[in-house]
Structure formats: C-alpha cells, structure tokens
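Architecture at a glance
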Amino acid sequence: MWPLLMQFARTYAPYITLPVATIIGFIGYNIESHYRTQQPNRPSVEILRDERVVNKIVQETQQEGKVLPDPLNKKTFVPDSIFTKNLSPGLQKPS
C-alpha cells in the first residue's frame, strides 16, 4: 500500500501542491490583512526633501532681500490642462 501511495504522490505532486499552496496562501493573506494594523500615510522622503530645499532657498533669498516670483507650490506657471494651452479662437469661452 505504501509503495502505491508514494508512486501516486511522486507522479501527481506538481498537480497537487500548486492548488494546495494557492489555497493556503490565500487564506494566510486574508488572515494577515484582517489582523494587521494600518500604517499611517506619510509623505514620501522625496517630497519632504523637496519642500525642505525650497523652504531653505526661500529663506536665503528673503535674508538677501531679493523679491521672489510666485511660489512653486501654486504652479501658476503650468497651464490648467493641455486643452487650454493652444485653444483656437472658435473654442474659447467668452469672458
């Protein structure tokens, strides 16, 4: 009986282990997501560094007495969308 079971397990192992591993992984993933605490959303290190550099530049130029253009975070230099960039006169809204 044991040799027969071993031959069956050796022959059909790839067909048995993949579905079993998938089911066990799915169950474990759902259990972990149920009990895991959510991490707070923090801004990325890149964004924090960019803000710090911009603030440093603003402070240095204010100390030197220079007048700055509009801040970069207002994005007045970027058009609203590509559709308003080169709008033909027939498509412009009357103001």
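Structural data are supplied above this passage.
Along each chain, residues carry numbers from 1 onward, in the same order as the chain's sequence is written. It should be noted that, the model being predicted, local features are given only for residues of pLDDT at least 70 and side-chain atom pairs only at 80 or more, the latter also being counted only at that level, while totals for whole chains, interfaces and linings use all residues. By convention in this description, side-chain values take in all heavy atoms of the structure and omit both hydrogens and water.

**So, the overall build of the chain**
Each helix is a run of H or I in the DSSP string that is no shorter than four residues. Each strand is a run of E no shorter than two, and both are numbered from the N terminus. Secondary structure summary: the chain contains 2 helices and 0 strands in total. Buried residues are those whose accessible area, probed at 1.4 Å on protein chains only, stays under 20% of the maximum for their type, while exposed residues exceed 50% and partly exposed ones sit between those limits. For the chain, buried positions account for 1% of its 95 residues.

**A short note on helix H1 (residues 2-35)**
For H1, with 34 residues, the first-to-last C-alpha span of 41 Å runs short of the 50 Å given by 1.5 Å per residue. The axis of H1 is deflected most strongly, by about 70°, at Tyr12, and proline Pro14 appears within four residues downstream. Multiplying 1.5 Å by the residue count of a helix minus one yields the expected span of that helix. A residue's bend is simply the angle between two axes: one fitted to the seven residues ending at it, one to the seven starting at it.

**Things to note about a nonpolar patch on the surface**
Patches in this entry comprise residues that are over 30% relatively accessible and not in a salt bridge; like charges within 9 Å are linked, as are nonpolar side chains (Val, Leu, Ile, Met, Phe, Trp, Tyr) within 5 Å. Note that accessible areas follow from Shrake-Rupley with a 1.4 Å probe, and for residues the cover is restricted to the protein chains shown. Basic side-chain nitrogens of Lys or Arg form a salt bridge, by our definition, when they fall within 4 Å of a carboxyl oxygen of Asp or Glu. Together, Phe8, Tyr12, Tyr15, Ile16, Val20 and Ile24 line one region of the surface with nonpolar side chains, adding up to about 640 Å² of accessible area. Along the polypeptide, Ile24 turns up in helix H1. The class for Ile24 is exposed, based on a relative accessible area of 57%.

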